[in-house]
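Letter by letter, the chains look like this.
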Amino acid sequence: MRPASGRSAVIDNRGSRRATAGARKVLRFGLVVPTLALYCVLFGGPMILLFHQSFSAGDGLFTLDHYRSLFSRSFAYNLIETLKLSAIAAVAATVSGYLIAFYLIRQCTSRMRNIWLNAIVSILFLSLLIRIYALLLTFGAGPLMEFVTGLFGMSPTSRAMTELLVVLGLVNFTMPLVILSLLGPIENINPKLMEAAQSLGAAYWEAFFSIELKLSLTNLVSVGITAFSLCISAFLIPMVLGRGFVDFVANLVYVRFQEVFDAATGAAMAVALLLITLLVIYSVQWLLIRRGDE
Amino acid sequence: MTIRSSSRRRFLGSTALGLIAAGPLKVLAEQQKTLAAVEWGGPWLDASKALLADQGQFDVNWILHTGGSAAIIPKIKASLPKVRFDIVHSFPPVTYAMLQEDWLEPLTFEDIPNLQDVPANFLSKDAQQRIINCPTSSIGAFWGYRDDLVEKPIKTAKDLFDPKLKGKICALSPALQSGRFLLALAVEQGGNERNIDPGFEMAKELARIGNIGRVAKSDVDMVNSVTSGETAVAFSSLPTWSRIAQNQKVTFLVKIPDSHGMFKNFISQEEWVLLKGAPNGKAAKEFINWFISPAVHERYCEMMGILPINRKAAAPKRLSFLQMTNDEERERYEYYPDYPYISTQLKHWNERWEAEVVPLL
């Protein structure tokens, strides 16, 4: 038997490495398959059905009629209301959540931090409905709020107060998640950087804005987008706190499905809401990447 | 300690024993089947449960309506061809929608003898003129207000525009109570189901001046709003008003001579309907017959604070203000909406409400 030359041995070796790498890829993909299948069943399947419903004219016919409702005044009005209040709530939750997270990491003793973290996590264990009704009892119409709003010449059942209440509900919903998401990124910033800036003559706030905030900015935007996505798809909060004055698109979808037997229009609205949310998220990400490149 | 070894023979033996033991249990289960009944929550459920507590014939699994009653339609549709519910406590627009889908089992006087004591004008029929509902009450919706929160008594529709009522009116979403809130406003302005524009104009004006303090999307919303004092004036059905009147003094605006039409009793009815292919059809018919038998029905109406529909049952004394003594009164103070027509318009009314009224609130 002729011994293998050096060159052919190298080729064999490469071939076996390729085979091993291929097997690894297959193995890795195999590990993903169950999760992927679950994702397809739980998310992909219902989404396909929803898309189908939105284009269905019955008896297997196709129509775009249901998408006409997206050009109606009611949809436009509620979409603007949804985007406006969600954006306000997301910004409020992100800014206040960042300040709390910053305080917990930089200012608190570890004992106090643990107490705070337990309190924040325990909020997440409390049903959202209970939290919403607690807000309604505190800030809803009643002698106290009548007195407080009366000082500003307003009524507790006015639109402005209702919108404020919905924003408070959304902030209440998203802020614990914002705080918990920002703790890690803030902790990863070396505190000595700020100390160095201050020792070189920068004022505290100057150092904070130019170092801490600047280094946290990408995370802040990511968390803000997450909060915004949670707000934009909120249903329960506007339903309970909105007094019938403030409805989000999700509430319109619910009415179409559950109250006026118009599932096809509801499906079209749901698809539109999904696409608008994706558009907003990817636009912000694109802007960030572009800015980073510059 | 010994561990018993398992064998195929032992397994087969124990399985056979299990099957023999399960036989009588199956017979027992068939004797008292659990009915699946869709019911409204709150006073409806409380009253039905109280009635059932005193008997041993029926076992009912209550499934609650969520949101508007019409929400039951997609739920039934989603489970087809399997029928998960036996009977649904419904009211005309929803019954009509179910009839359109051909979901309703006809009912006969043989199956439900007590149905013969219900006035014929309350019985709905399918295309073959077969009865498809069993009414359980004549139930109107009308205006009312809390005495302690309204300074000046309300006597005409104009009073609703009083600046002192800023934020004090609880409006109803068009999807709720079959759009009767809008209809009442339209009737006041000379309109009706087929001419709802005047109703929208009046709703817009009330919204514009800020007198609407809430748009209720469920009966519970309305009860909570008025009971808590968030709002003081509302339009709703008799059971919800009865619930509020338990704790607060309420004035009902039903027989108001100066009104042009808004302060009427907008009549509807509640009814059991049996679904085709119901798992316990026979037991469901027996239950319906029992439910409207004079003694049971009288007790139900007393608890609910509603008017009976069975001629042999007496009306609660406290509801005398709703009883019309002659046809002239009936003509003047009662309104029988055209529910089949309304059910075709609800989607459009709802869209108009969202587009025209909500932005003004």
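Per-chain numbering applies: the sequence of each chain, read as written, is numbered from 1 onward. All chains are assigned letters beginning at A, and all ligands numbers beginning at 1, according to the order in which they are written. Reporting of local features is limited, given that this is a predicted model, to residues whose pLDDT is at least 70; pairs of side-chain atoms are given and counted only at 80 or more, and all residues count toward the totals for whole chains, interfaces and linings. As a rule here, side-chain values cover all heavy atoms of the structure and leave hydrogens and water aside.

Any residue with an atom within 4 Å of a point lines the site, the site being either a cavity, points on a 1 Å grid over the protein atoms alone where a 1.4 Å probe fits but cannot get out, or a pocket, an open set with protein on both sides within 12 Å along at least 5 of 7 lines. Grid points are joined across faces, edges and corners, and a volume is the space filled by probe spheres set on the points. Tallied over the full model, the rule gives one cavity of 30 Å³ or more. The calculated volume of the largest cavity comes to roughly 80 Å³. Asp247 of chain A together with Ser173, Lys217, Asn350 and Trp353 of chain B are the residues nearest the centre of the largest cavity, which is lined by 13 residues in total. A per-element tally of the lining of the largest cavity places helix α12 (residues 339-357) of chain B first, with three residues. Put simply, Ala, Val, Leu, Ile, Met, Phe, Trp, Tyr, Cys and Pro go in the nonpolar bin, Asp, Glu, Lys and Arg in the charged bin, and everything else, Gly too, in the polar bin. In terms of residue class, the lining of the largest cavity is built from six nonpolar, three polar and four charged. Every helix listed is a DSSP run of H or I at least four residues long, and every strand listed is a run of E at least two residues long, numbered separately from the N terminus.

Attention shifts here to the domain arrangement of chain A. Reports of interface size often rely on the accessible area that becomes lost once the parts have come together. Residues and elements named next belong to chain A. Domain start and end points were adopted from an automatic or database domain assignment. Its domain assignment divides chain A into domain 1 (4-63) and domain 2 (70-293). Measuring from the centre of the C-alpha atoms in domain 1 to the corresponding centre in domain 2 gives 36 Å. Here, two residues are considered to be in contact whenever any of their heavy atoms come within 4.5 Å of each other. Contacts between the two partners involve five residues from domain 1, matched on the other side by eight residues from domain 2. Accessible area, probed at 1.4 Å, shrinks when two parts are joined; the buried area is that loss added up over both. Summing both sides of the interface, domain 1 and domain 2 together bury roughly 560 Å²; the carbon and sulfur share of this comes to 86%. It is Leu50, Gln53 and Ser54 in domain 1 that bury the most area against domain 2; as a group they hold 66% of the surface buried on that side. Nitrogen and oxygen atoms within 3.5 Å of one another constitute a polar contact, given that in protein one can donate a hydrogen and the other can accept it, and given that sequence-neighbouring residues count only through two side-chain atoms. Between domain 1 and domain 2 we count zero residue pairs in polar contact (both at pLDDT 80 or more) in total. Looking at side-chain class alone, the side of domain 1 that touches domain 2 contains three nonpolar, two polar and no charged residues.

All names here are of chain B. For Phe, Tyr and Trp, where Trp contributes only its six-membered ring, two rings pair if their centres lie within 6.5 Å, and the inter-plane angle classes them as stacked under 30 degrees, edge-to-face over 60, or tilted in between. Enumeration over the complete set of coordinates arrives at 31 aromatic pairs over all chains. Look at tryptophan 290 and phenylalanine 291: their rings are 6.4 Å apart centre to centre, the planes differ by 70 degrees, and that puts the pair in the edge-to-face class. Relative accessible area decides the class of each residue, using a 1.4 Å probe on protein chains only: under 20% of the type maximum gives buried, over 50% gives exposed, and in between gives partly exposed. On the basis of relative accessibility, which here comes to 0%, the residue phenylalanine 291 falls in the buried class. Ring pairing ties together the aromatic residues Phe58, Trp62, Trp272, Phe287, Trp290, Phe291 and Tyr300, which thus form one cluster. Directly above the aromatic system of tyrosine 341 lies the positively charged group of arginine 194, at a separation of 4.0 Å from the ring centroid. For the cation-ring pair, arginine 352 lies above phenylalanine 200, with the distance from its terminal atom to the ring centre recorded as 4.1 Å. Note on criteria: charge over ring means Lys NZ or Arg CZ within 6 Å of the ring centre, with the direction from the centre no more than 35 degrees off the ring normal.

Moving on, we get to the interface of chain A and chain B. Listed per partner, the contact involves 23 residues of chain A and 27 residues of chain B. Among the residues of chain A in contact with chain B, Phe245, Glu259 and Phe261 of chain A are the three that bury the most area, contributing 24% of the side total. Here, a salt bridge means any side-chain nitrogen of Lys or Arg that lies within 4 Å of a carboxyl oxygen of Asp or Glu. Counting across the interface, chain A meets chain B through four salt bridges. The salt bridge involving aspartate 262 of chain A is made with lysine 347 of chain B; its shortest N-O contact spans 3.0 Å.

Before going further, it helps to spend a moment on the domain arrangement of chain B. Residue and element names in this part refer to chain B. Domain annotation for chain B reports domain 1 (2-138 + 270-317) and domain 2 (139-267 + 326-360). With 15 residues of domain 1 at the contact, the number on the domain 2 side is 13 residues. A buried area of about 1,300 Å², summed over both sides, lies between domain 1 and domain 2, and 68% of it is on carbon and sulfur atoms. Where domain 1 meets domain 2, there are one salt bridge.

All names here are of chain A. Only the stretch in contact is used when fitting a helix axis, every axis being a line fitted to C-alpha atoms; angles between N-to-C directions are given from 0 to 180 degrees. Two numbers describe how helix α2 (residues 73-107) lies on helix α6 (residues 159-187): the axes approach to 5 Å, and their chain directions differ by 40 degrees. When the axes of α2 and α6 are compared, the pair comes out oblique. α6 is crossed by α2, and the crossing has right-handed handedness. Across the contact of α2 with α6, the residue classes tally to 22 nonpolar, five polar and six charged. By definition in this entry, angles of less than 35 degrees are roughly parallel, angles greater than 145 are roughly antiparallel, angles of 65 to 115 are roughly perpendicular, and the rest are oblique. Crossings are assigned a handedness: left-handed for a near helix turned anticlockwise from the far helix by less than a right angle, right-handed for a clockwise turn.

All names here are of chain B. As for its position among the elements, leucine 275 is in the loop between β9 (265-274) and α9 (281-291). As for leucine 275 and valine 88, which are separated by 187 residues in sequence, their C-alpha atoms are 7.7 Å apart. Ignoring any residue separated from it by four or fewer positions in sequence, one finds leucine 275 in contact with Ile76, Val83, Phe85, Asp86, Val88, Met98, Trp103, Leu104 and Glu105.

This next bit is on unusual backbone geometry. All names here are of chain B. Even without being glycine, glutamine 129 reaches a positive phi, approximately 65 degrees. Relative to the helices and strands, glutamine 129 is located in the loop between α4 (92-100) and β4 (134-146). You will see that serine 178, though not glycine, has its phi angle at about 55 degrees, which is positive.

Attention now moves to a nonpolar patch on the surface. Residues and elements named next belong to chain A. Here the term patch refers to residues with relative accessible area over 30% and no salt bridge, with like charges joined within 9 Å and nonpolar side chains (Val, Leu, Ile, Met, Phe, Trp, Tyr) within 5 Å. Residue-level accessible areas treat just the shown protein chains as cover; the underlying method is Shrake-Rupley with a 1.4 Å probe. Together, Leu27, Phe29, Leu31, Val32, Val33 and Leu36 give the surface a local cluster of nonpolar side chains, amounting to about 580 Å² of exposed area. By the element assignment, leucine 31 lies in helix α1 (residues 6-55). Classification of leucine 31 by relative accessible area gives exposed; the value is 63%.

What follows concerns the pattern of salt bridges. Residue and element names in this part refer to chain B. The final tally for this structure, using the stated rule, is 28 salt bridges over all chains. Glutamate 286 serves as the salt-bridge partner of lysine 282, at 3.2 Å between the closest nitrogen and oxygen. With lysine 282 and glutamate 286 both in helix α9 and four residues apart, this pair spans about one turn of that helix. Residue classification places lysine 282 among the exposed positions, given a relative accessible area of 65%. Connected through salt bridges with shared partners, the residues Asp197, Glu201, Lys204, Arg352 and Glu356 form a single ionic network.

Let us now look at the nonpolar core. Within this scheme, the nonpolar core is defined by two criteria: the residues are buried Ala, Val, Leu, Ile, Met, Phe, Trp, Tyr or Cys, and they are joined through side-chain atoms within 4.5 Å. With 170 residues, the main nonpolar core has Met98, Trp143, Met222, Val233, Phe287 and Trp353 of chain B as its most contacted residues. Examining the composition of this core, we find that eleven residues originate from one element, α2 of chain A, more than from any other.

Turning our attention to the packing of helix α6 (residues 197-208) of chain B against α12 of chain B. Residue and element names in this part refer to chain B. Two numbers describe how α6 lies on α12: the axes approach to 11 Å, and their chain directions differ by 35 degrees. With respect to the hand of their crossing, α6 and α12 are arranged in right-handed fashion. Listed contacts from α12 to Asp197, Phe200, Ala203, Lys204 and Ala207 of α6 are Trp349, Arg352, Trp353, Glu356 and Val357. Along the lines of polarity and charge, the residues of the contact of α6 with α12 split into six nonpolar, no polar and four charged.

Once that is clear, we can look at the side chain of asparagine 251 of chain A. Residues and elements named next belong to chain A. Mapped onto the elements, asparagine 251 comes out in helix α10 (residues 249-258). Reaching out from asparagine 251, the side chain makes a polar contact with the backbone oxygen of phenylalanine 235 at a distance of 3.2 Å. If we ignore the near neighbours within four places in the chain, the residues touching asparagine 251 are Ala234, Phe235, Pro238 and Met239.

A word on the side chain of asparagine 78 of chain A. All names here are of chain A. Along the polypeptide, asparagine 78 turns up in helix α2. We classify asparagine 78 as buried; its relative accessible area is 2%. Within the structure, asparagine 78 has its side chain in polar contact with the backbone oxygen of serine 74 (distance 2.8 Å). When residues no more than four places from it in sequence are discounted, the contact partners of asparagine 78 are Asp247, Val249 and Leu252.

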